[in-house]
Amino acid sequence: QQQVKQSPQSLIVQKGGIPIINCAYENTAFDYFPWYQQFPGKGPALLIAIRPDVSEKKEGRFTISFNKSAKQFSLHIMDSQPGDSATYFCAARANNAGNMLTFGGGTRLMVKP
Amino acid sequence: KAGVTQTPRYLIKTRGQQVTLSCSPISGHRSVSWYQQTPGQGLQFLFEYFSETQRNKGNFPGRFSGRQFSNSRSEMNVSTLELGDSALYLCASSLGTLAGGRRSPDTQYFGPGTRLTVL
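Remember, it's a predicted structure, so these values are computed and weren't measured experimentally. (Residues numbered from 1 in each chain as written. Chains lettered and ligands numbered in written order. Predicted model: local features only at pLDDT ≥ 70, side-chain atom pairs only at ≥ 80, totals over all residues. Heavy atoms only, no water.)

## Focus: the overall build of chain A
Part 1 of the reasoning: If you tally the helices and strands in chain A, you get 0 helices and 11 strands.
Part 2 of the reasoning: Reading the secondary structure of chain A in the N-to-C direction produces β-β-β-β-β-β-β-β-β-β-β.
Part 3 of the reasoning: Taken over C-alpha atoms, the radius of gyration comes to 13 Å for chain A, in line with the 13 Å a tight globule of 113 residues would show.
Part 4 of the reasoning: Taken across its 113 residues, chain A has 49% of its residues classed as buried.
Part 5 of the reasoning: Put simply, of all contacts in chain A between residues at least 6 apart along the chain, 54% involve residues at least 24 apart.
Part 6 of the reasoning: In the form shown here, chain A has an accessible surface area of approximately 5400 Å², with 49% of it arising from carbon and sulfur atoms. (Helix = DSSP H or I, 4+ residues; strand = E, 2+ residues; numbered from the N terminus. Rg over C-alpha atoms; globule rule 2.2 N^0.38 Å. Buried < 20%, exposed > 50% of the residue type's maximum accessible area, 1.4 Å probe, protein only. Contact = heavy atoms within 4.5 Å. Areas by Shrake-Rupley, 256 points an atom, 1.4 Å probe, with all protein chains shown as cover.)

What follows is the structure, encoded as structure tokens:
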């Protein structure tokens, strides 16, 4: 059972555009929501993370928006660059599950020059 | 500070064989988690070890096992390999510390993975 649903599966934007990746979850025990970026041949790297007690968090060009009532969260990449082309994963961790992360299916982003 | 290292990086095995993968966490990190990444199933949690004890386990058959040593290094083993075990196996390390009685989210740092191909 997929507990974190991520969309879209792929996304193409022009340089400077603002790609938006959405995730939805069902498990109300989730209390930590990180986003990871993965380049080919590399392991995922943490981009930004949010707890459900805030509705938005911004780090550099990356912003997470969080809607607790709808059980949805999204990643916005401002002023996207070709170097942002990668696969992005949302994830969630339950408050009683140690470090176990449940990942979304991933979004392959291509930023065209 | 050196990152998470995994060995070997690539491995080719045949069905029925067994395989052992190794992970060295970042110095000072005591928690090691393993994930399987495939195109079809995405990233799936296998298990987490903390202070040589398995703390969590994902929904994988008993053919998948792991252990952690006193220096926090971890190994995972897959016995009786099947074609469907072909995947990128990722190890992630974190501090694994508690904070004020309530666990704070631990940032997990992933290694580059071991690409296992089962023929």
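## Concerning the overall build of chain B
Part 1 of the reasoning: When its secondary structure is counted, chain B shows 0 helices and 11 strands.
Part 2 of the reasoning: Ordering the α and β elements of chain B from the N terminus gives β-β-β-β-β-β-β-β-β-β-β.
Part 3 of the reasoning: For the C-alpha atoms alone, the extent of chain B along its principal axes is close to 50 × 30 × 25 Å.
Part 4 of the reasoning: Within chain B, the proportion of its 119 residues that are buried is 49%.
Part 5 of the reasoning: Taking contacts inside chain B between residues at least 6 apart in sequence as the whole, the part at least 24 apart equals 57%.
Part 6 of the reasoning: Summed over all atoms, the accessible surface of chain B reaches about 5800 Å², with 49% contributed by carbon and sulfur.
Part 7 of the reasoning: Taking the 13 positively charged and 6 negatively charged side chains of chain B as two groups, their mean positions are separated by 3 Å. (Lys, Arg positive; Asp, Glu negative; His and termini not counted. Charge placed at Lys NZ, Arg CZ, Asp CG, Glu CD.)

## Side note on the interface of chain A and chain B
Part 1 of the reasoning: With 17 residues of chain A at the contact, the number on the chain B side is 23 residues.
Part 2 of the reasoning: Remark: the boundary between chain A and chain B carries 0 salt bridges.
Part 3 of the reasoning: Inspection of the region where chain A meets chain B yields 8 residue pairs in polar contact (both at pLDDT 80 or more).
Part 4 of the reasoning: Of all the secondary structure elements, the ones that give two or more residues to the side of chain A that touches chain B are β4 (30-38), β9 (86-94) and β10 (101-103) of chain A. (Salt bridge = Lys/Arg side-chain N within 4 Å of Asp/Glu carboxyl O. Polar contact = N/O pair within 3.5 Å; in protein donor to acceptor, adjacent residues only side chain to side chain.)

Shape is all these values report; function is a separate question.
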